[in-house]
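Each chain is listed here by its residues.
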Amino acid sequence: MNLAFLASHGGSAARHLTGACRAGELDAVPVALISNNSRSPALAWARDAGLRTAHLSGAKYPDPEALDAAILNFLQDVGADLLILSGYMRELGPQVLDAFAGRVLNIHPSLLPRHGGRGMYGDRVHLAVLEAGDSASGATVHLVTSGIDEGPRLAQQEVPVRPGDTLETLKARVQAIEGELMLRAVRELVAELRPIDAPP
Ligand SMILES: Nc1nc2c(c(=O)[nH]1)N[C@@H](CN(C=O)c1ccc(C(=O)N[C@@H](CCC(=O)O)C(=O)O)cc1)CN2
Ligand SMILES: NCC(=O)N[C@@H]1O[C@H](COP(=O)([O-])[O-])[C@@H](O)[C@H]1O
């Protein structure tokens with residue numbers, strides 16, 4: 001089962017899953033990482049980790065259909081089976097979603113359906129939680145569909161929001177659980193998909 005990652009910044013979930021694969025804790029192979037941000041630390045990390053990499057962005061492909069096709073072509077070229085959105089801040093298009101239906105996972109730093117949707121990403125999510133006065137937050141792993149953050153939820157974990165929490169303290173508490181939450185969801189999906197893929 002070949003894993004391909006899409007990341008816009010650090011790619012923390014991609015790093016966690018790659019470490020798990022190489023430690024024999026996840027029966028999958030990390031093969032590639034795509035970023036829309038040529039200066040993303042995730043892209044530099046992936047190159048050093050020996051993954052195939054590609055910088056595919058709206059700057060290179062102003063036509064969303066062409067960008068969608070370029071992402072799909074690269075994913076098919078590297079033999080991807082499962083896509084992991086690891087802090088990917090752009091909308092995935094219909095060509096990729098159709099070709100990888102049921103095989104694209106995203107992690108979002110809130111208890112979806114709260115604080116999700118267009119405009120809700122990164123620090124904005126944690127600020128919305130604090131502004132709403134929520135007593136709990138957390139992270140959610142969901143299958144990716146055309147609607148932003150609307151896909152079926154596969155895993156979710158809660159963390160407390162403590163009195164005096166700041167953006168940084170809440171973000172750190174949520175990010176501390178994201179890697180293992182994504183690992184758990186990927187492990188379950190790989191096991192589910194495995195029988196179908198078993199060689200004849
Ligand atoms: N088709 C889908 N594509 C993506 C989904 C999805 O559920 N379906 N999830 C997002 C990840 N995400 C939340 O988890 C998310 C990412 C980005 C945005 C957003 O509003 N982005 C801004 C641009 C921000 C930037 O470029 O820095 C925008 O599109 O205007 C909301 C939610 C990944 N793709
Ligand atoms: N809506 C998507 C979203 O907000 N994703 C969030 O962006 C951060 C990326 O961190 P990273 O760049 O260090 O991996 C992560 O906390 C992830 O949950």
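Everything numeric here is computed off the predicted structure, so don't read it as measured data.

A.B. asks: Whenever I open this one, the overall build of the protein confuses me. Can you help?
C.D. replies: Scanning the protein from N- to C-terminus turns up 6 helices and 7 strands. The helix and strand sequence of the protein, counted from the amino end, reads β-α-β-α-β-α-β-α-β-α-β-β-α. Relative to the globule expectation of 16 Å for 200 residues, the C-alpha radius of gyration of the protein, 16 Å, shows essentially globular dimensions. If you line up the protein on its principal axes, its C-alpha atoms span 55 × 40 × 30 Å.

A.B. asks: Looking at this structure, how should I read the site of ligand 1?
C.D. replies: Not every one of the 21 residues close to ligand 1 is listed here, only the nearest: Arg90, Asn106, Gly119, Thr145 and Asp149. Contacts to ligand 1 include Asn106, whose side-chain N or O atom sits 2.7 Å from an oxygen atom. Note that an oxygen atom of ligand 1 is positioned 3.5 Å from one of the backbone N or O atoms of Gly147. Isolated, ligand 1 exposes 710 Å² of accessible area, and the fraction of that covered by the protein chains is 85%. Class assignment for the residues of the shell around ligand 1 results in 9 nonpolar, 8 polar and 4 charged.

A.B. asks: Where do I start with helix 1 (residues 12-22) in this structure?
C.D. replies: For the α-helix, the turn length of 3.6 residues means that residues three or four positions removed from each other point alike. Listed in full, the buried residues belonging to helix 1 are Ala13, Ala14, Leu17, Thr18, Ala20 and Cys21. Mapping the buried residues of helix 1 onto a view down its axis gives an arc of 160°, with all of them on the same face. With its phi angle positive at about 75°, Gly24 sits one or two positions after the end of helix 1.

A.B. asks: Would you mind going over the site of ligand 2 with me for this structure?
C.D. replies: Taken together, the neighbourhood of ligand 2 is formed by 14 residues, with Gly10, Ser12, Gly122, Gln175 and Glu178 sitting nearest. His108 is positioned with one of its side-chain polar atoms (N or O) 3.3 Å from a nitrogen atom of ligand 2. In the model, an oxygen atom of ligand 2 is placed 2.8 Å from a nitrogen or oxygen of the Glu178 side chain. Taken by itself ligand 2 offers 450 Å² of open surface, and the protein chains cover 88% of this. Residues of the shell around ligand 2, tallied by class, amount to 5 nonpolar, 8 polar and 1 charged.

A.B. asks: Is there a simple way to explain the UniProt feature "active site" (unreviewed entry) in the protein in this structure?
C.D. replies: With numbering matched to this structure, UniProt assigns "active site" (unreviewed entry) to His108. As for its placement among the helices and strands, His108 is situated in strand 5 (residues 104-108). Judged by relative accessible area, His108 falls into the buried class, the value being 4%. If we ignore the near neighbours within four places in the chain, the residues touching His108 are His115, Gly116, Met120, Val125, Gly138, Ala139, Thr140 and Asp149.

A.B. asks: So what exactly am I meant to see when it comes to the sheet that holds strand 5 here?
C.D. replies: If you walk across this open sheet you meet the 7 strands as 3-2-1-4-5-6-7, and the pairing is mixed. Looking at strand neighbours, the two that pair on one side only are strand 3 (52-55) and strand 7 (153-160), the edges of this open sheet. Averaged over all pairs of adjacent strands, the angle between their axes in this sheet comes to 15°, without regard to strand direction. The pairing of strand 2 (residues 29-35) with strand 3 spans 4 bridges and is parallel. Counterpart to Ala32 in the pairing with strand 3 is Arg52.

A.B. asks: Which parts of the structure should I look at to understand the environment of Thr18?
C.D. replies: Note on placement: Thr18 falls in helix 1. Of the residues examined, Thr18 reaches a relative accessible area of 3% and is grouped as buried. When the C-alpha positions of Thr18 and Ala46 are compared, they lie 9.6 Å apart, and in sequence the two are 28 residues distant. When sequence neighbours within four positions are dropped, the list of residues in contact with Thr18 reads Phe5, Pro30 and Trp45. Separated by 2.8 Å, the side chain of Thr18 and the backbone oxygen of Ala14 make a polar contact.

The rules behind the values
- Residues numbered from 1 in each chain as written.
- Chains lettered and ligands numbered in written order.
- Predicted model: local features only at pLDDT ≥ 70, side-chain atom pairs only at ≥ 80, totals over all residues.
- Heavy atoms only, no water.
- Helix = DSSP H or I, 4+ residues; strand = E, 2+ residues; numbered from the N terminus.
- Rg over C-alpha atoms; globule rule 2.2 N^0.38 Å.
- Near = heavy atom within 4 Å.
- Polar contact = N/O pair within 3.5 Å; in protein donor to acceptor, adjacent residues only side chain to side chain.
- Areas by Shrake-Rupley, 256 points an atom, 1.4 Å probe, with all protein chains shown as cover.
- Nonpolar A, V, L, I, M, F, W, Y, C, P; charged D, E, K, R; others polar.
- Buried < 20%, exposed > 50% of the residue type's maximum accessible area, 1.4 Å probe, protein only.
- Arc of directions from axis to C-beta.
- UniProt positions renumbered as here; feature names shortened; annotations may be inferred.
- Contact = heavy atoms within 4.5 Å.
- Pairing = 2+ DSSP bridges.
- Axes fitted to C-alpha atoms, helices over the stretch in contact; angles between N-to-C directions.

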